[in-house]
Amino acid sequence: MLTNAPPPPAPDAAKATGRAPVRDRYFDLLRAVALFRVVFYHLMGWAWLPIVFPSMGVMFALAGNLMARSLKRPPVQVIRSRMRRLLPPLWLLGAIGVTGMLIQGWGPNSEGHPVWWWLHLTYWVLPLSDPPYAEGLSGIHGIIGDDWAAELAGPLWYIRAYLWYVLLSPFILKVLRAVPWPTIVSPIAVAAALEFGWLHIPSVRIDSAVTDFSTFGACWILGMAHQEGILKRLPRYVVPSLVPFVAGYGLWYALTHGFKEGHDLDDIPFAQSLWSFATVMVLLHFSPSWSEWPRMLKRWDRLITLLNSRAVTIYLWHNICILVAATLWDQLWGFDVLSEHYAGLLESPWPVLLMVWILIGACIVSFGWMEDVAAKRKPRLWPDGSGNKGSKAKAKVKTGARAHRA
């Protein structure tokens, strides 16, 4: 059931009360699980993983919740703040990735349209559409595999979709307050129109943007609705009664439209929209709104804090980490002793998964500081929250001293 606890204080309210905004640790847990599942899925490729936990829908819902909370401030100020936090990590990725593509010969004449190439290159600065990349580039033998640029650009659709959600959120919030449920389900209606041919968009770039909005837009708006208290107004029995039918239809549609390994929910947007919507509804309906960790989760505090602090860095760089880890691991086949006696180990993806997270850790140290710069914080190499415990203790002592003097 939904908790009756009040939402975390807005920034202005926090200033008035002298307290920092309270983090919802339940949401932190969901975001950490979503990130881990994304990395796990992109390595394993198991089609059932997005069924177990539809990470993208959950991540968009959490972002929508935070956006609605932030919109208690002027919209222009909020949008500028969100863009400032989102874009610098992308620029760092682009500076490194595009430089590597240029070194390997990618340029204005690669696609036969030099003027369009320069125009599309600006999407690496402001990703209103998918940034371009060089296809079919050769890798570095033994270090990184072929077509690495495609892997680098793979996650960028999320940045583009996120940016559009941010830009549209002030308008969405107004409509949501006026007509809540038609607004929430409208993206699913668009997904149905695209799926069944009632709506056709000739432009590939516009079509991809509309498809992503229709697939995950309901999740973003559900997050906003949760923050606005709209979901709390529902009778407690509504969500458990209706969600199984929505999820069941989405799963049935996927299974009857080629759902399998290599053709999963990502390739069936309508089914993805229904399944993600249903899952997010359940997760938000039973949201416990933790201000502190339950006892069983306290041991994971530092890891979850790190994943949340470096979510953008992990998401942007994880595909390249997977490619590098797989390439390095494949080199072991060149050792006869290993290939003859330990072929099962060399074929196992689990050691590669360990290598992937080691490389992600290296990316956190090497590139994660940009998230701090973007948020106007002091850059940190490993922000797992361990350095804050002493300062929190000091703050409590000072607070107690002030209370005693009063």
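In what follows, the structure referred to is the one given above.
For clarity, every value in this text was computed on a predicted model and none was experimentally measured.

Peer 1: Which parts of the structure should I look at to understand the overall build of the protein?
Peer 2: Each helix and strand in the protein was counted, giving 19 helices and zero strands. Its C-alpha atoms give the protein a radius of gyration of 23 Å, near enough to 22 Å, the size a compact globule of 406 residues would have. For the protein, the spread of C-alpha atoms along the three principal axes comes to 70 × 55 × 50 Å. Across the 406 residues of the protein, 49% fall into the buried class. As displayed, the protein has an accessible area near 20,800 Å², and 66% of this comes from carbon and sulfur atoms. Here the protein contributes 37 positively and 26 negatively charged side chains, and the mean placements of these two sets differ by 22 Å.

Peer 1: Just checking my understanding: could you explain a nonpolar patch on the surface for this structure?
Peer 2: Side chains of Trp91, Val125, Leu126, Leu128, Trp164, Leu167 and Leu168 sit close together on the surface and give an oily, nonpolar patch of about 550 Å² of accessible area. With three residues, the top contributor of residues to the nonpolar patch is helix H8 (residues 156–178). Structurally, the position occupied by Leu168 is in helix H8.

Peer 1: So what exactly am I meant to see when it comes to the nonpolar core here?
Peer 2: Generally speaking, a soluble globular protein has its nonpolar side chains buried in company with each other. Core analysis: the largest hydrophobic core is formed by 116 residues, its most contacted members being Met101, Trp124, Trp148 and Trp220. No other element matches the 13 residues that helix H2 (residues 25–44) contributes to this core.

The rules behind each value
- Residues numbered from 1 in each chain as written.
- Predicted model: local features only at pLDDT ≥ 70, side-chain atom pairs only at ≥ 80, totals over all residues.
- Heavy atoms only, no water.
- Helix = DSSP H or I, 4+ residues; strand = E, 2+ residues; numbered from the N terminus.
- Rg over C-alpha atoms; globule rule 2.2 N^0.38 Å.
- Buried < 20%, exposed > 50% of the residue type's maximum accessible area, 1.4 Å probe, protein only.
- Areas by Shrake-Rupley, 256 points an atom, 1.4 Å probe, with all protein chains shown as cover.
- Lys, Arg positive; Asp, Glu negative; His and termini not counted.
- Charge placed at Lys NZ, Arg CZ, Asp CG, Glu CD.
- Patch = residues over 30% accessible without salt bridge, like charges linked within 9 Å, V, L, I, M, F, W, Y side chains within 5 Å.
- Salt bridge = Lys/Arg side-chain N within 4 Å of Asp/Glu carboxyl O.
- Core = buried A, V, L, I, M, F, W, Y, C linked by side-chain atoms within 4.5 Å.

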